[in-house]
Amino acid sequence: MRTKIISLILLAAGIAAPASAKTLNVFACEPEWGALATEIGGDKVSVYTATTGAQDPHQVQARPSLIAKARTADVAVCTGAELEIAWLPMIAQQAGNSKIAAGGPGSFDATSVVPLLERPARLDRSEGDIHAGGNPHIQTDPRNMIPISKAMAAKFAALDPANASTYSSRQADFEKRWTAAIAGWTSKAAPLRGVQVAVQHHSWPYLQNWLGMIEVTPLEPKPGVPPSSGYLAQVLQKLQTQPVKMVIRAAYEDGRPSAFIADKAKIPAVVLPFTVGGTDQAKDLFSLYDDTINRLLAGLKS
Ligand SMILES: [Zn+2]
């Protein structure tokens, strides 16, 4: 019954859509890819971002409004590496849009063009929310945006050859500004090198790899499994022998576990935006990293 109603809503949405779109319709799974698509596509693309910085990208409701947007999408720009495995395949299928389904011409996975950290040697789902392809949280290292922006420009050009030169020149301009910004962030973040941290979810290996921070422990017993108070007591014990300067979490995560650890271990709890819109300061792709570095440095000082 429910699916019947959804199908009717979709039918209505399909009929209401304009017959010929002049721009590429981009369905961005997460805000960082929506922001990058806008950098690369400018006014040649119409970007719809499926999630906000307040949402957990691992777990997203396949709402009718999302399915309706997926129906008219020419390209889906997503993280891949199983981050969206619980929702995107279902949305693409419900939308009946084979273009954006896995392997379709309009399917774009950012993780397909960067080397992934932490590919598990052995896949055991009982170990929690393990991603078979490696850790998908690549957007926490801005250096990854360069190969991704190139691949995205190539994908847009393949789907919309008339505007290929626009995509390629916008990518070149982005890469120039981005390379300069990375140099600024890296030098500003120098005090973070070698700093030991605890993290709520194991979301930050790329950030740590970039800035030279060292993760002592996550607060989750297994990826995606919220810690019990008993488990947090074990974490506190570990922090007595391996002290950390701060505990880090993404803005969308429940603040209680890291607040508890911060209080007991007398360290700051640092909330990072994780994506565009995760905090008020992380307004776009550039301010996402400005704010991330500012917040880490503030954590180090307090
Ligand atoms: Zn994760």
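Colleague: Which parts of the structure should I look at to understand the nonpolar core?
Modeller: It is characteristic of soluble globular proteins that their nonpolar side chains tend to be buried jointly. Ranked by size, the top nonpolar core spans 58 residues in total, and within it Val77, Phe156, Trp178, Ile248 and Leu296 carry the most contacts. The dominant element in this core, judged by the number of residues it contributes, is helix α5 (residues 145-159), at eight residues. Once you skip the residues sitting within four places of it in the chain, phenylalanine 156 turns out to touch Leu24, Val26, Ala37, Ile40, Gly41, Val45, Val75, Val77 and Tyr167. Leu66, Ala73, Ala76 and Ala92 belong to the second largest nonpolar core, which has 16 residues in total.

Colleague: Explanation requested: the pairing of strand β3 (residues 75-78) in the structure shown.
Modeller: Working note: regular strand, side chains alternate between the two faces of the sheet. Side chains of β3 alternate between two faces, with Val75 and Val77 and Ala76 and Cys78 buried alike. For strand β1 (residues 24-28) and β3, the ladder comprises three bridges, and the chain directions are parallel. The residue bridging valine 26 from the neighbouring strand is valine 75, located in β3. When β3 meets strand β4 (residues 107-109), the two strands line up parallel, connected through three bridges. In the sheet register, valine 77 faces β4, and the bridge partner there is phenylalanine 108.

Colleague: What exactly am I supposed to notice about the side chain of threonine 111 here?
Modeller: Mapping threonine 111 onto the fold places it in the loop between β4 and α5. A polar contact of 2.5 Å, which involves the side chain of threonine 111, links it to the backbone oxygen of threonine 79. From its side chain, threonine 111 meets the backbone nitrogen of alanine 81 in a polar contact 3.2 Å long. In this structure, threonine 111 is in contact with Thr79, Gly80, Ala81, Leu116, Pro136 and Ile138, ignoring residues within four places of it in sequence.

Colleague: Where do I start with the packing of helix α2 (residues 31-41) against α5 in this structure?
Modeller: What describes two packed helices is the angle between their axes and the distance between those same axes. Closest axis-to-axis distance for the α2/α5 pair is 10 Å, and the angle between their directions is 60°. It follows that α2 is oblique to α5 by the angle criterion. Our pair here, α2 against α5, has a crossing hand that is right-handed. Residue-level contacts link Glu32, Trp33, Leu36, Ala37, Ile40 and Gly41 of α2 to Met145, Ile148, Ser149, Met152, Ala153 and Phe156 of α5. Residues of the contact of α2 with α5, tallied by class, amount to nine nonpolar, two polar and one charged.

Colleague: Explanation requested: unusual backbone geometry in the structure shown.
Modeller: When glycine is set aside, most residues are seen to have a negative phi, and most peptide bonds are trans. In this structure, alanine 81 is a non-glycine residue whose phi angle is positive, near 50°. The backbone of phenylalanine 274 sits at a positive phi, close to 75°, despite the residue not being glycine. Here phenylalanine 274 shows up in the loop between β8 (269-272) and α10 (285-301). We classify phenylalanine 274 as buried; its relative accessible area is 5%.

Colleague: Looking at this structure, how should I read the packing of aromatic side chains?
Modeller: In this description, a pair of aromatic rings is defined by centroid distance and the angle of the planes. Overall, the coordinates contain 11 aromatic pairs when judged by the stated rule. Residues phenylalanine 27 and tyrosine 48 carry aromatic rings whose centres are separated by 5.9 Å and whose planes lie at 45° to one another, so their mutual orientation is tilted. Separated by 21 residues along the polypeptide, phenylalanine 27 in strand β1 and tyrosine 48 in strand β2 (residues 45-49) bring together distant segments of the chain. According to the relative accessible area criterion, phenylalanine 27 is buried, its value standing at 1%. Look at tyrosine 252 and phenylalanine 274: their rings are 5.7 Å apart centre to centre, the planes differ by 55°, and that puts the pair in the tilted class. Of the two residues, tyrosine 252 sits in the loop between β7 (246-250) and α9 (256-265) while phenylalanine 274 sits in the loop between β8 and α10, which places them 22 residues apart along the sequence. The class of tyrosine 252 is buried, set by a relative accessible area of 15%.

Rules of the game
- Residues numbered from 1 in each chain as written.
- Predicted model: local features only at pLDDT ≥ 70, side-chain atom pairs only at ≥ 80, totals over all residues.
- Heavy atoms only, no water.
- Core = buried A, V, L, I, M, F, W, Y, C linked by side-chain atoms within 4.5 Å.
- Buried < 20%, exposed > 50% of the residue type's maximum accessible area, 1.4 Å probe, protein only.
- Helix = DSSP H or I, 4+ residues; strand = E, 2+ residues; numbered from the N terminus.
- Contact = heavy atoms within 4.5 Å.
- Pairing = 2+ DSSP bridges.
- Polar contact = N/O pair within 3.5 Å; in protein donor to acceptor, adjacent residues only side chain to side chain.
- Axes fitted to C-alpha atoms, helices over the stretch in contact; angles between N-to-C directions.
- Parallel < 35°, antiparallel > 145°, perpendicular 65-115°, else oblique.
- Left-handed = near helix turned anticlockwise from the far one by under 90°.
- Nonpolar A, V, L, I, M, F, W, Y, C, P; charged D, E, K, R; others polar.
- Phe/Tyr/Trp six-rings, centres within 6.5 Å; stacked < 30°, edge-to-face > 60°.

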